[in-house]
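If you want the building blocks of each chain, they are given just below.
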Amino acid sequence: MENSGTSGGVDDAKTATTITLNIKFSGRSIPVSVSPNSTVKDLKSLLQPLTNVLTRGQKLIFKGRVLADGMTLRESEITDGAKVMLMASQGLHQGGGPILKEAPTRPILRETAHANPKGNKRSEVFIGKGHLDRWKLTGVIALSECHLKAIPDEVWVCGPSARVLDLNNNFIQDVPVKIGCLSSMQKLLLSANDILDESISWEGVVSLKSLTVLSLSQNYLTMLPSALGALTSLRQLHIASNKLKSLPIQIGLMTQLEVLKANNNRISTIPTQIGDCNSLIEVEFSSNLLSELPETFSNLQNLKALHLSNNGIKSLPRNLFKMCLQLSTLDLHGTEITMDLLRQFEGWENFDERRRDKHQKQLDFRVVDSTAFDEGADKN
């Protein structure tokens, strides 16, 4: 009876256009619809954004046997409703680890003089007239690691005299529209707080036309608005360790942007308009869900450092080395790009020479052999 049932299942698979599989991974079941003519490697590619495990780090097991990449699901006798186990190799996750991990990690808070001595309650810093006078005189409002749950009202009193607002590493959730009253603000630092999409007034933030540095890393943002493009004076944008899935196409309007750090998110595509950010010097996209970069990346002729580790990237823009003549740092750890592939790109030799020169100038004794390429590309 069991044999006839199995035979019937195979016959069904021959006629089915799609089958549904249940992938067992990390204590949960992931339903996936796929053609029975798809290869096991195709299935792995489908699972990559769902599990954050790179294809080369996936081992699929069906009825006690490891599935070979080149075999089709039909050839592997996998039928509709089959249960397939996914085992992940350590160190081959992208996007900051398995998708089950939810919240970014907050740095350890230092205890301040105003903290409860027992350490079991969060106290807020006392702001006196002396603080206000100093803030207005220097233009710098320093309130990092003060256990704040909200931006103090005294901040708004500073108005146009404020140039720097440092609220890093607090518990702030609400960024109200009145942030716009700090009209001369140049640096707004809000990393490691509890900011959600609905709790930040982008209307207020983008009204800060003199803003050159915006830091929102280690929060809970899932999107950035198109209005972000209004910050045309911005030179540094720090948005790492959020839950972002994409970047707005209006990022191309930020032609003064020099540093973009968006690592440890869930970004799967980058808009082609990033090629208009011709002032970019350093770009950090490590630990995301990228499978490719837009060809317009080659337009970034001032680019010196590009970090792409722990992504599913298999190739690079074909003119990257040819056009980006200042590029000297390229981090490809945890990707599927090989040395053989890199050597095929036009301009590789010149890039490799710049990379070697940079290493030779660095007094870093951890580098055993400065002539060996060790930015993460496989040697074979």
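The paragraphs below set out a description of the structure included in this document.

Quick look at the sheet that holds strand 8 (residues 187-189)
- The sheet built from nine strands is open, its strands ordered 6-7-8-9-10-11-12-13-14 with parallel pairing. Lying at the two open borders of the sheet, with one neighbouring strand each, are strand 6 (140-142) and strand 14 (329-331). Adjacent strand axes in the sheet meet at a mean angle of 5° when their direction is disregarded.
- Taken together, the three bridges between strand 11 (residues 259-261) and strand 12 (residues 282-284) define a ladder with parallel strand orientation. By the bridge assignment, leucine 260 is partnered in strand 12 with valine 283.

Concerning the pattern of salt bridges
- Applying the stated criterion across every chain yields a total of seven salt bridges.
- With a closest N to O distance of 2.8 Å, aspartate 69 and lysine 44 form a salt bridge. One end of the pair, aspartate 69, is in the loop between strand 4 (65-66) and strand 5 (83-88); the other, lysine 44, is in helix 2 (residues 40-51), and 25 residues separate them in sequence.
- The closest approach of N and O atoms between arginine 343 and aspartate 340, which form a salt bridge, is 3.4 Å. With arginine 343 and aspartate 340 both in helix 7 (residues 339-343), this residue pair falls three residues apart, about one helical turn.
- Residue aspartate 340 is classed as partly exposed on the basis of its relative accessible area, which comes to 43%.
- Three or more residues joined by partner-sharing salt bridges are found here, namely Asp352, Arg355 and Arg356.

As for the environment of valine 206
- Mapped onto the elements, valine 206 comes out in helix 5 (residues 202-206).
- Given a relative accessible area of 9%, valine 206 falls into the buried group.
- Remark: the alpha-carbon pair of valine 206 and alanine 227, spanning 21 residues in sequence, is separated by 6.8 Å.
- The contact partners of valine 206, leaving out residues within four places of it in the chain, are Ala227, Leu228, Ala230 and Leu231.

Focus: the nonpolar core
- Core analysis: the biggest nonpolar cluster contains 72 residues, and Leu214, Leu260, Phe285, Phe297, Leu306, Leu316 and Phe321 have the highest contact counts within it.
- Elements with a contribution of two residues or more to this core: helix 3 (129-138), helix 4 (153-157), helix 5, helix 6 (320-323), helix 7 and helix 8 (348-361).
- Filtering out sequence-adjacent residues up to four positions away, leucine 260 remains in contact with Leu237, Ile239, Leu247, Ile251, Ile274, Leu280, Glu282, Val283, Glu284 and Phe285.
- In this structure, Ile30, Leu47, Val53 and Phe62 belong to the second largest nonpolar core, which totals 19 residues.

Topic: unusual backbone geometry
- Unusually for a residue other than glycine, glutamine 218 sits at a positive phi of about 55°.
- Position of glutamine 218 among the secondary structure elements: in the loop between strand 9 (213-215) and strand 10 (236-238).
- A positive phi is found at serine 241, a non-glycine position, where the angle reads about 55°.
- Secondary-structure assignment places serine 241 in the loop between strand 10 and strand 11.

Section: the environment of leucine 247
- Tracing the backbone through its elements, the reader meets leucine 247 in the loop between strand 10 and strand 11.
- Since its relative accessible area comes to 7%, leucine 247 is described here as buried.
- Along the primary structure leucine 247 and leucine 224 are separated by 23 residues, whereas in three dimensions their C-alpha atoms are 6.5 Å apart.

Some words on the sheet that holds strand 5
- In space, the five strands of this open sheet follow the order 2-1-5-3-4, with mixed pairing throughout. With partners counted over all chains shown, the strands left at the sheet margins are strand 2 (28-34) and strand 4, one partner each.
- The pairing of strand 1 (residues 19-25) with strand 5 spans three bridges and is parallel. Its bridge partner lying in strand 5, asparagine 22 is registered against lysine 83.
- Running at roughly 130° to strand 2, helix 2 makes contact with strand 1, strand 2, strand 3 (58-62) and strand 5 of the sheet.

So, the pairing of strand 5
- With four bridges connecting them, strand 3 and strand 5 associate as antiparallel partners. The residue bridging lysine 59 from the neighbouring strand is methionine 87, located in strand 5.

Section: the side chain of serine 38
- For serine 38, the position within the fold is in the loop between strand 2 and helix 2.
- Leaving out residues up to four positions away in the same chain, serine 38 has contacts with Met71, Thr72 and Leu73.

Let's talk about the packing of aromatic side chains
- Evaluation of the coordinates by the stated rule reveals four aromatic pairs.
- Here the aromatic rings of phenylalanine 321 and tryptophan 348 are separated by 5.7 Å at their centres, their planes lie at 65°, and the arrangement is edge-to-face. Linking phenylalanine 321 in helix 6 with tryptophan 348 in helix 8, this pair joins segments that are 27 residues apart in sequence.
- Overall, tryptophan 348 belongs to the buried group, its relative accessible area being 5%.
- Among the aromatic residues, those joined into a cluster by ring pairs are Phe321, Phe345, Trp348 and Phe351.

Scoring rules and cut-offs
Residues numbered from 1 in each chain as written. Predicted model: local features only at pLDDT ≥ 70, side-chain atom pairs only at ≥ 80, totals over all residues. Heavy atoms only, no water. Pairing = 2+ DSSP bridges. Helix = DSSP H or I, 4+ residues; strand = E, 2+ residues; numbered from the N terminus. Axes fitted to C-alpha atoms, helices over the stretch in contact; angles between N-to-C directions. Salt bridge = Lys/Arg side-chain N within 4 Å of Asp/Glu carboxyl O. Buried < 20%, exposed > 50% of the residue type's maximum accessible area, 1.4 Å probe, protein only. Contact = heavy atoms within 4.5 Å. Core = buried A, V, L, I, M, F, W, Y, C linked by side-chain atoms within 4.5 Å. Phe/Tyr/Trp six-rings, centres within 6.5 Å; stacked < 30°, edge-to-face > 60°.

These values are about where atoms sit, not about what they do.
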